[in-house]
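# Remarks on the overall topology
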Amino acid sequence: MLILNPIQNCQPTADYNFFIVRSAKSVPKGFHHVPQLSPPKKLFFQVQKWKKEFLWPDMWDEYRNQFIAEMETGELGEYLGYLEELLSEGNTVQLVCFCPDPSRCHRTIIGDYFLERGYDVDFN
């Protein structure tokens, strides 16, 4: 099972607990920092720009499309393969990030990816 949580609800209760943010000054106890599952730097900074220009969350669909494109290539795609390996072995995996609104968060995009592949996902 894949469990998705905001940082406010994080407890390291899964077999594997990953903190999926680009930059972490501190990592919650019991979690491993995995920036490879966060938005790539270019996309992260694009969102910051949209926020400053008051275009966020209106640009969500564009963000989602860019994140999905990144999931199909490079480091993000490789780490999704690693997650799938863990899930297929029956492990419980928890992904945690800073986003308070799961409807506008990369962890939900990742959750949808695994839900479409038949895995159990707890979107919290």
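Here, the structure is the one placed above.
These remarks concern the structure in this document.

What counts and what doesn't
- Residues numbered from 1 in each chain as written.
- Predicted model: local features only at pLDDT ≥ 70, side-chain atom pairs only at ≥ 80, totals over all residues.
- Heavy atoms only, no water.
- Phe/Tyr/Trp six-rings, centres within 6.5 Å; stacked < 30°, edge-to-face > 60°.
- Buried < 20%, exposed > 50% of the residue type's maximum accessible area, 1.4 Å probe, protein only.
- Lys NZ or Arg CZ within 6 Å of the ring centre and 35° of its normal.
- Disulfide = S-S within 2.5 Å.

### Overview of the packing of aromatic side chains
Under the criterion given, the structure shown has eleven aromatic pairs. For the pair Trp-56 and Tyr-63, a centre-to-centre distance of 5.6 Å together with 85° between the ring planes defines the contact as edge-to-face. Here Tyr-63 falls in the buried class, since its relative accessible area comes to 5%. Of note, Arg-117 hangs over the ring of Tyr-113, and the distance from its end group to the ring centre comes to 3.5 Å.

### Concerning the state of the cysteines
Overall, the coordinates contain zero disulfides when judged by the stated rule. Here Cys-10 stays free of any disulfide, with the sulfur of Cys-97 as its closest cysteine sulfur at 11 Å. On the basis of relative accessible area, Cys-10 is assigned to the buried category, the value being 14%. Looking at the unpaired Cys-99, the closest cysteine sulfur is the one in Cys-105, lying at 3.5 Å. On the basis of relative accessible area, Cys-99 is assigned to the partly exposed category, the value being 25%.

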